[in-house]
Amino acid sequence: MGQAASGGLTQGDVDEVIAASKGVFNQAEIESLYKRFRALDRGHKGYISPEEFLSIPELSINPVAQRLVRCCECPNFTIFVKMVAPFSPRASRDDKLVFMFTVYDVDGDGFISREDMSMMLKQLAGSSLSEEDRQDIISRVLAQAGGAERLDFAAFKAALSSADLGNMVVEVPVDL
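Computed from a prediction, not measured in an experiment: that's the story for all the values here.

1. Overview of helix H1 (residues 11-20)
Within H1 the residues assigned to the buried category are Asp13, Val14 and Val17. Angularly, the buried residues of H1 cover 100 degrees about the axis, an arc narrow enough to put them on a single face. Where H1 terminates, the next one or two residues include Lys22, which has phi positive at roughly 60 degrees.

2. Brief notes about the packing of helix H8 (residues 114-125) against helix H9 (residues 131-144)
It is at 10 Å that the axes of H8 and H9 come closest, and there the two elements cross at 125 degrees. When the axis of H8 is compared with that of H9, the two are oblique. Relative to H9, the crossing made by H8 is right-handed. Counting all contacts with H8, which are made through Arg114, Met117, Ser118, Leu121 and Lys122, the residues of H9 involved are Glu131, Arg134, Gln135, Ile137, Ile138, Ser139, Val141 and Leu142.

3. A word on H8
Between its first and last C-alpha, H8 extends 16 Å over twelve residues, near the 16 Å set by a 1.5 Å rise per residue. Here H8 has its buried residues at Asp116, Met117, Ser118, Met120 and Leu121. Where H8 is buried, its residues meet helix H5 (65-71), helix H7 (93-104), strand E3 (112-113), H9 and strand E4 (150-151). At the exit of H8 stands Gly126, carrying a positive phi of roughly 60 degrees.

4. Structural notes on the side chain of Lys96
Examined against the element boundaries, Lys96 turns out to sit in helix H7. Among buried charged residues, Lys96 stands out as having no salt bridge; its nearest opposite-charge side chain is Asp95, 8.7 Å away. Reaching out from Lys96, the side chain makes a polar contact with the backbone oxygen of Met168 at a distance of 2.8 Å.

5. A short note on the confidence of the model for the protein chain
When pLDDT is averaged across the protein chain, the result is 89; 95% of the residues are at 70 or more. In the model of the protein chain, strand E1 (residues 4-6) stands out as the element of lowest mean pLDDT, 48, in contrast to E3, which has the highest, 96. Segment residues 1-5 is flagged for pLDDT under 50; beyond a separation of four residues in sequence, or across chains, it makes 15 contacts in the model.

6. Describing the pattern of salt bridges
Enumeration over the complete set of coordinates arrives at eight salt bridges. With a closest N to O distance of 2.9 Å, Glu52 and Lys45 form a salt bridge. The buried category is assigned to Glu52, whose relative accessible area is 6%. For Arg114, the salt bridge identified is with Glu149, shortest N-O distance 2.8 Å. One end of the pair, Arg114, is in helix H8; the other, Glu149, is in the loop between H9 and E4, and 35 residues separate them in sequence. The partly exposed category is assigned to Arg114, whose relative accessible area is 22%. Bridged by salt links that share partners, the residues Asp41, Lys45 and Glu52 form one connected network.

Basis of the calculations
Residues numbered from 1 in each chain as written. Predicted model: local features only at pLDDT ≥ 70, side-chain atom pairs only at ≥ 80, totals over all residues. Heavy atoms only, no water. Buried < 20%, exposed > 50% of the residue type's maximum accessible area, 1.4 Å probe, protein only. Helix = DSSP H or I, 4+ residues; strand = E, 2+ residues; numbered from the N terminus. Arc of directions from axis to C-beta. Axes fitted to C-alpha atoms, helices over the stretch in contact; angles between N-to-C directions. Parallel < 35°, antiparallel > 145°, perpendicular 65-115°, else oblique. Left-handed = near helix turned anticlockwise from the far one by under 90°. Contact = heavy atoms within 4.5 Å. Expected span 1.5 Å × (residues − 1). Lys, Arg positive; Asp, Glu negative; His and termini not counted. Salt bridge = Lys/Arg side-chain N within 4 Å of Asp/Glu carboxyl O. Polar contact = N/O pair within 3.5 Å; in protein donor to acceptor, adjacent residues only side chain to side chain. pLDDT = per-residue confidence, 0-100.

Here is the structure:
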């Protein structure tokens, strides 16, 4: 495939992964992500197991960590980069929203239903919300989104049109 660019990646591999990330990462960032991926892949299997994935400190403290693991169970390097790409400061708002929608669409049917929202609220709030409180929040969200019983991506995007996604960023450290 050509000359090795970084620890097992050829320049062609790097170019393919940059394209898969929609260009939000440059070569140095891809190489840094590959080092991190290899460190996480303790068995050198070519993918990250759920346990290895949850060993990422920033992820392990996230209340929806288990949901994130289920979204991308055992990712290879390209899928890992695609999963991290929405958190790049150069990712588009739409890419961030698509990622969020995928996480909230628990059953993967292309809609965020009452059940999906209830499951996510349970993960986010734990036992601090009663079932009645969860259902009240869900009813208010759906009413504000136009009264539908479930949200497709367009409705989800419209509902979050004024949301600040500026904190949805992870910087990739690069060796200089």
